Amino acid sequence: MIEFLSILILIISIIYFFVALNKKEISFSEMISIIRDGLKDSSTEKDGNKNIFFRIKTWLIHVTFYLFLFMFLTSFVPTIFSGHLTGLFLILHITAAPLFSISLALLVLFYAYQLKLNENDYSNFEKVINKDSAKNDRSSILSYSKFSFWLLTFISIPLLLSIILSFYPIAGTDWQNLSLIIHRLSALLFSLVVLALIYFYVTFSKL
Amino acid sequence: MKKNYFALILFAFFILISNECIFSQNADSLSAAVVSDSSAVDSVVNKVPEAPLKIGDVADGNKSIPIHLIKLYDENRFTIEKNENHPLPFSTKQTCGDCHTYSKIKNGTHFSIDQKDSTKRNGEPFIYTNHRALTLLPLSYRGWKGTINPDSVGITPFLFVKKFGSHFTGGNISENEELEKPENFLRWEISGKLEVNCLVCHDANSAYDQADFAAQIRNENFKWASTSASNLANVKGSAAKMPNNFDPYNTNTYVDLDLRSTSPPTVFYDETKFDHDNKVFFDITKNINKERCLFCHTTTLNNDEEKYLAEQEDVHITAGMSCVNCHSNGMSHDIIKGYSEEYLDKNKSQLHSFSCEGCHLTSIDNSIVGRNGAPKPLHKGIPPIHFEKLSCTVCHSSYMPSDKAKMVKTSRAHKLGVPGANKMALTYPLIQSPVFVRAENGKIEPRNLIWPSYWAVKNNNEIKALEIEFVENNIQPKLELDTTYNFGNGPQVADSTLIKVFNSFNHSDLLSGNLVFITGGRIYELEDSTKIKSSEYEAAEPYTWAIAHNVRPAQQSLGVNGCDDCHSLNSNFNFSEVAIISGVDDKSNSTISMVNFEGLDSIYQSLFSLSFYFRPFLKFILIFSAFVITAVFLSFSFSGIKNVSKYFSNVSSLNNDKEI
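Residues numbered from 1 in each chain as written. Chains lettered and ligands numbered in written order. Predicted model: local features only at pLDDT ≥ 70, side-chain atom pairs only at ≥ 80, totals over all residues. Heavy atoms only, no water.

Let us now look at the overall build of chain B. Each helix and strand in chain B was counted, giving 24 helices and 18 strands. The burial tally for chain B puts 46% of its 660 residues in the buried class. Taking as baseline every contact in chain B between residues at least 6 positions apart, the subset at least 24 positions apart corresponds to 65%. About 34200 Å² of surface is accessible on chain B, with carbon and sulfur atoms providing 55% of the total. (Helix = DSSP H or I, 4+ residues; strand = E, 2+ residues; numbered from the N terminus. Buried < 20%, exposed > 50% of the residue type's maximum accessible area, 1.4 Å probe, protein only. Contact = heavy atoms within 4.5 Å. Areas by Shrake-Rupley, 256 points an atom, 1.4 Å probe, with all protein chains shown as cover.)

Listed below in structure tokens is the structure:
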């Protein structure tokens, strides 16, 4: 059931993602080049800057993004096609898991202050709630990106805790099953939020 | 002329009348369940879809056991009286069949071993061994994959009963006349039929002696066996030593025998057991004593030194249950085996309650969970994938796996409980246990394993096992294995001996093809007259059958010490060695890793096991990451709440200003 649900939600989200980009007249290749240039720019635009923390922060985005892709492929692909995460995929998944979790934690730590919500973001959300027209300007998209970042942070908590819990002889079979379902659903939501973040980043860059 | 016609019509009329009488007599006898000729009754019963119920077929609901003070009947349905001079053994078919429909019971699991098994789930075969001919054959009429039908190797039902009847409940194989071979006709007439022996399970009298039953089978006293085993009589003499024309009522048929050394089978009833109505008391029970089951279903370590340390009772027995609490049956005597898919195979959802998971974990449809107070296991910390990939028995049943698969003995394979059983530690056949094998349902389960070994003839890639009599008479002498001791690691022959044997048969008219030898998972044949070649062969693969007992308590289950019990580089679950028992001393691999039977890849298992060395590191990193992310989220959430509050107060104050 959960496999079917995952496939359905992922397919709908990806289709919606591309339809939305298409509405903004952004093609797939353009999207790829924006992401690639963006990652390149963020690592090179301030090459002269001697601040090591800035370089670490940009490097973290790279690492976390590619690790996310790796984690996504090694979990969803076998789960969708065989119903289980086993075999080589499992080994790859759990090998990359600590690297991904630590890079995500550092990313959250380093970008939290920069992406904290401010009054401008609240007013942008108010615009969304009041269905004001000016919701696709750079400021609004930045606010949505910030919100997505915090949503991502929130979702990563059950994502990590559910799997940590299953490592210890605390939960019985029923709770083990529940924690696995929580882990899968969290991973699904996490992936959708990442998709949203990519969308906001691409549309932000296009504006 | 007219008189002749009249006489003819009168004669025809009498014939008709007398036939009607015979017919009505049969019908009456059927309804009253009073039968005189067993074979005739069988044929009538087979034609009638539903035989009329007898008094003992359906219980009235009272949970107590009715007192069985009954008359004894012989096979001809004559009452056995206490003062008879030459009494016959009592017949269970006639005695028990007086109140219970024999034809319904005789198709039960234990009695119908000649019938195909519809479930196709491998069970323990009857194992024919002849170490001097390097032969080990897993035999079964059930059609289980990997077994050989006894008929195909020249084992007639008579021979089968004689060889394996010591641990057989009697029934179809010896009663079904269609299976009888003409060459055994006279011997069957002397030994009689081995009817379903109801007493083997239901006689609660502790003096019932199954070992005596086995001794009678060895003497071919088939129809005397049940009587002798009971506490009602003694049987002396041997049908095996009687000539083919032996007739117990005619002393001329055995007058030449030296009666000092042998005598015809004779029953001596204990007259004190009969009451004044010639009735005897049977202490019958439905709650079968575990010892009765264990006589045929024991599995034990072959090593006496370890036995007292390692052997323990099944946890269910220790808790006060008996075998029949789970392996129950109705009137049909179709015993519940208790495997997880049985309810699907037999299309009866209630049977799910009798499997491990059905009793301890989940119910399906109208099955009952928690029978006999079965506790629900928590399985704390065990990822659910284990329950999809492993049967319950992997962790909870049989012996804990060690670095080498243990050698065990079973009642039926090693004739345990029978006088004269070989008590040496390593005794042919060599059975290894537990070996973890991937079953047909995709789950791994513990099994017993034997390596078949037999001589066969190869003709145009068609391979057929040779009859045991041919092997004993022609091949065995050439092997020159002069040991008469049936113990040790099993005899082996060198290539040179094989070449000699192969050459002597490949150039003779005795066989219609080339002689080949199948052993240790390989087939050996001549490459040229001086060299042998061997290759892997499907029919030579080891035969395995699932085991579910003894169930160990949770504290002794596999995995109780953590993941390392299975997920480590030296885990006995994956990397225990299974010995290849071969009749050929070819110096090649003598062991095979357990992982090969599990359908798993050893490199992957090693890699996966390796990942567990880093598991503490993984846990630490994940916990640290979760802590950092949670701390950041909470701290910014608090300031966020402050900002939200501030934002709404600002908005409301602006609105107030506008209103003012």
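Next, the rest of the story.
The next subject is the pairing of strand 9 (residues 431-438) of chain B. Residues and elements named next belong to chain B. Among the eight residues of strand 9, seven are classified as buried, and the element is accordingly described as predominantly covered. Pairing between strand 8 (residues 406-410) and strand 9: three bridges, direction antiparallel. Looking at the pairing, M407 lines up with Q432 of strand 9. Pairing of strand 9 with strand 10 (residues 444-450), which is carried by five bridges, proceeds in the antiparallel orientation. The residue bridging F436 from the neighbouring strand is P446, located in strand 10. Connecting strand 9 to the antiparallel partner strand 10 that follows it, the hairpin turn spans five residues, and G442 within it adopts a positive phi of roughly 90 degrees. (Pairing = 2+ DSSP bridges.)

Here we take up the packing of aromatic side chains. Summed over all chains, the structure comprises 30 aromatic pairs over all chains. Taking the centre distance of 5.8 Å and the plane angle of 85 degrees together, the rings of Y269 of chain B and F274 of chain B count as edge-to-face. The two residues Y269 of chain B and F274 of chain B agree in class, both being buried. Chaining the aromatic ring pairs together yields one cluster made of F17, F18, Y144, Y199 and F200 of chain A. (Phe/Tyr/Trp six-rings, centres within 6.5 Å; stacked < 30°, edge-to-face > 60°.)

This part is about the confidence of the model for chain A. Of all residues in chain A, 89% attain a pLDDT of 70 or more, and the chain-wide mean is 83. In the model of chain A, helix 2 (residues 28-44) of chain A stands out as the element of lowest mean pLDDT, 71, in contrast to helix 4 (residues 87-111) of chain A, which has the highest, 91. (pLDDT = per-residue confidence, 0-100.)

This part covers the interface of chain B and chain A. Each partner contributes to the interface: chain B provides 37 residues, whereas chain A provides 43 residues. At the junction of chain B and chain A, the tally comes to one salt bridge. Here K376 of chain B makes a salt bridge to D174 of chain A, at a shortest N to O gap of 3.5 Å. Where chain B touches chain A, the interface holds six residue pairs in polar contact (both at pLDDT 80 or more). A total of 21 residues in the side of chain B that touches chain A trace back to one element, the largest contributor, which is helix 24 (residues 615-659) of chain B. For the side of chain B that touches chain A, the per-class residue count stands at 22 nonpolar, eight polar and seven charged. (Salt bridge = Lys/Arg side-chain N within 4 Å of Asp/Glu carboxyl O. Polar contact = N/O pair within 3.5 Å; in protein donor to acceptor, adjacent residues only side chain to side chain. Nonpolar A, V, L, I, M, F, W, Y, C, P; charged D, E, K, R; others polar.)

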